[in-house]
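# Coordinates in review
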Amino acid sequence: MRCTHYAYTEARHYKRGGHAKKPFDMDFTCLICCDIFIDPVTLKCSHSLCEKCLQRFWTTQDVPHCPVCRKECSHDEPTKSLAFRALCETFKNRKPTAVSGDVCPEHKEALKLFCFEDQQPICVVCYTSKKHENHKCSPVDEAAGNLKEDLKTQMDRHQATLTELKKAQKSCLKQAELIKKHTSITENQIKKEFEKLHQFLTEEEKKQIRSLRKEMEPKDEKLKARIENFSTQISDLSERMASFWQDMEAENISFLQNYSNTLKRLKCPSVPNRTPVLQQYQIHQYHIQTIIFTTWARMQNLVEHPPVTLDPDTASSKLLVSEDCTSVEYVEAKLHVSDNPRRLQEGVLASQGFSSGVHCWDVEVGDSNNWTLGVMGERVNRKKLCKMDPKNCFWCFRNVDGTYKKGNKPVSDIDCNERPNIIRLQLDFDEGELRFTEPFRNRSLCTYTGGFPEITTEYFYNQKNKTPKTKLPQN
């Protein structure tokens, strides 16, 4: 059994033709017990062994031989070496040193292979063990080269993802700046509009107060005169009453002598009627509600009907939406816009759709020869050129190089010499009708009927034209 173990140990260290360099520990290791020498002895053939291991091995032999080279030994062998024994003791008691990263911690062999199953480098002994049986392995340099290539490919994908994330972040920052800018513009517009209302209400308030005071001034003068008259009568009556009391306190003869004169002076003056004045105040109360109603009616003239506002996030890359989102302009060079699900391949949509009711809006097309107006369903594929047909939830009226079309079908009854400058769109969602008219000539240009199966939104497109297309207020 020991010979078999020895043979394995020897083969392990010399299986590559005996030219492999022995580990340093082998110089202090018994080839029988495979442990550090205990009481080492040396044979004449220069092989060293533990004394007890050698004696135990010789008990199995008829003639003593060297366990390593099989050379016959004499009776005066082996010899002890006190110095070698001390050296072995020192080696055994030395502090263990850290295993190099290039050496297998289990077998102290160089890490020459990489196991793809366990994702770790292994030595040749590990490769021959059951632990890594049938595992796919490659030399370290080859495996490192292949894995680095794989990681480089993944890093390239990550770099592409990082680039896209940076673009998306930059787009979000631009949108945030745009929102901030639009918010500031809207705030200023709100302040300006409310300043008009405040100024109007302040002027109306002052005017109505001046009118009220002017109206009440004659009445106030009359009341002051009446009050003054009442004061005079009260003072006169009070003086006479004081005189009467004096007469009543006089001697009886004197009182009786003046009694007839006292009766004449005691006659009470008539009290004026107060009812008409009170009625005048009560009648005046209803004028306040009339003033408020009249002011409200006049204030409506200051407020314009809200225009149709466009959604910049739906505008295609060659349409520039104005800052107030009420007009659109075609540009030759593509704009840098974010690719969001709502953006159209061509055109731009309004910011709000319709699902019921009657709606009307005017669009100034000017002298443009290439434009498209209408309404579009919310489920239309916005990343492709939409077929201009009600079956695809797209109802439109177009001018293509001076030719008017209902979708893709030409409209022949429109005189090109009387080209409309403003197009009015009238949408009756509940009745399922969309009409295109020229409001100033009061003529019909195009009509769609048949209903709308889903929410619809106003659609605008201005092609190959640098003149802004302004939408007039809704009626």
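Here, the structure is the one placed above.
Residues numbered from 1 in each chain as written. Predicted model: local features only at pLDDT ≥ 70, side-chain atom pairs only at ≥ 80, totals over all residues. Heavy atoms only, no water.

## Focus on the pairing of strand β16 (residues 433-438)
Note the following rule: Should DSSP find at least two bridges between two strands, the strands are taken to pair. Runs of H or I in DSSP of at least four residues are treated as helices and runs of E of at least two as strands, each being numbered from the N terminus.
Two elements, strand β15 (residues 422-428) and β16, share five bridges in a ladder whose sense is antiparallel. What sits directly across from Gln-426, in β16, is Arg-435. The hairpin turn running from β15 into β16, its antiparallel successor, is four residues long, and Gly-432 in that turn takes a positive phi close to 70 degrees. As judged from the six bridges shared by β16 and strand β17 (residues 443-449), these two strands associate in the antiparallel manner. Its bridge partner lying in β17, Thr-437 is registered against Ser-444.

## Remarks on the sheet that holds strand β9 (residues 348-354)
Pairing is antiparallel in the open sheet, where six strands are placed in the order β9-β18-β11-β12-β13-β14. Taken across any chain shown, the strands that pair with only one partner, and hence form the sheet edges, are β9 and β14 (409-410). Of the pairings in the sheet, the one linking strand β11 (residues 370-377) to strand β18 (residues 456-462) comprises seven bridges and is antiparallel in character. Each bridged residue has a counterpart across the sheet, and for Gly-377 the counterpart in β18 is Thr-456.

## Focus: the pattern of salt bridges
When the charged atoms of two side chains lie near each other, side chains of opposite charge can form a pair. Selection criterion: The term salt bridge refers to a side-chain nitrogen of Lys or Arg lying within 4 Å of a carboxyl oxygen of Asp or Glu. Using a 1.4 Å probe on the protein chains alone, a residue whose accessible area is under 20% of its type maximum counts as buried, one over 50% counts as exposed, and one in between counts as partly exposed.
What the rule picks out here adds up to 15 salt bridges. Close ionic contact of Asp-236 with Arg-240 constitutes a salt bridge, the shortest N to O distance being 3.4 Å. A residue pair is termed a helical-turn pair when its members lie 3 or 4 positions apart in one helix, as Asp-236 and Arg-240 do in helix α5 (residues 140-248) at four residues. The salt bridge involving Asp-313 is made with Arg-342; its shortest N-O contact spans 2.8 Å. Of the two residues, Asp-313 sits in the loop between α9 (287-299) and β7 (319-321) while Arg-342 sits in the loop between β8 (327-330) and β9, which places them 29 residues apart along the sequence. Overall, the relative accessible area of 23% leaves Asp-313 in the partly exposed class. Each of Asp-311, Asp-313 and Arg-342 takes part in a single network of salt bridges with overlapping partners.

## Details of the side chain of Ser-138
Formally: When checking whether two residues touch, look at their non-hydrogen atoms; a contact exists if any pair is within 4.5 Å.
Position of Ser-138 among the secondary structure elements: in strand β6 (residues 137-139). Excluding residues within four positions of it along the chain, Ser-138 makes contact with Lys-112, Leu-113, Phe-114, Phe-116 and Ala-143.

## Some remarks on the packing of α5 against α9
Using the following cut-off: The convention used is that axes are lines fitted to C-alpha atoms, helices contributing only their stretch in contact, and that angles between N-to-C directions extend from 0 to 180 degrees. A clockwise turn of the near helix away from the far one marks a right-handed crossing, whereas an anticlockwise turn of less than a right angle marks a left-handed crossing. When residues are grouped by polarity, Ala, Val, Leu, Ile, Met, Phe, Trp, Tyr, Cys and Pro land in nonpolar, Asp, Glu, Lys and Arg in charged, and all others, Gly among them, in polar.
Look at α5 against α9: their axes get within 11 Å of each other, and the N-to-C directions meet at 145 degrees. Crossing angle aside, the handedness with which α5 passes α9 is right-handed. Of the residues in α9, those touching α5 at Leu-197, Phe-200, Leu-201, Glu-204, Lys-207 and Gln-208 are Ile-291, Thr-295, Arg-298 and Met-299. Of the residues assigned to the contact of α5 with α9, the class counts are five nonpolar, two polar and three charged.

## Points about the packing of aromatic side chains
Rules: Each Phe, Tyr or Trp ring, with Trp reduced to its six-membered ring, pairs with another whose centre is within 6.5 Å; inter-plane angles below 30 degrees give stacked pairs, above 60 give edge-to-face pairs, and intermediate values give tilted ones.
Evaluated as defined, the whole model comprises 12 aromatic pairs. With centroids separated by 4.9 Å and ring planes inclined at 75 degrees, the aromatic side chains of Phe-394 and Tyr-459 adopt a geometry described as edge-to-face. Here the residue Phe-394 occupies a position in strand β12 (residues 394-400), and Tyr-459 occupies one in strand β18, the gap between them amounting to 65 residues. According to the relative accessible area criterion, Tyr-459 is buried, its value standing at 4%. Judged by centre distance (5.5 Å) and plane angle (40 degrees), the ring pair of Phe-397 and Phe-436 falls under tilted.

## Structural notes on a nonpolar patch on the surface
We count it as follows: Patch membership requires more than 30% relative accessible area and the absence of a salt bridge. Residues of like charge join within 9 Å; the nonpolar side chains Val, Leu, Ile, Met, Phe, Trp and Tyr join within 5 Å. All accessible-area figures derive from a Shrake-Rupley calculation using a 1.4 Å probe, and residue coverage is judged against the displayed protein chains alone.
A surface patch of nonpolar side chains, amounting to about 360 Å² of accessible area, comprises Met-241, Trp-245 and Met-248. Turning to its location among the elements, Met-241 is positioned in helix α5.

## Some points on the sheet that holds β6
Pairing within the open sheet is antiparallel, and its three strands lie in the order β5-β4-β6. Sheet topology places β5 (120-122) and β6 at the edges, where each strand pairs with a single neighbour. Averaged over neighbouring strand pairs, the angle between their axes works out to 35 degrees when direction is ignored. Taken together, the three bridges between strand β4 (residues 113-115) and β6 define a ladder with antiparallel strand orientation. Residue pairing in the sheet places Cys-115 in a bridge with Cys-137 of β6.

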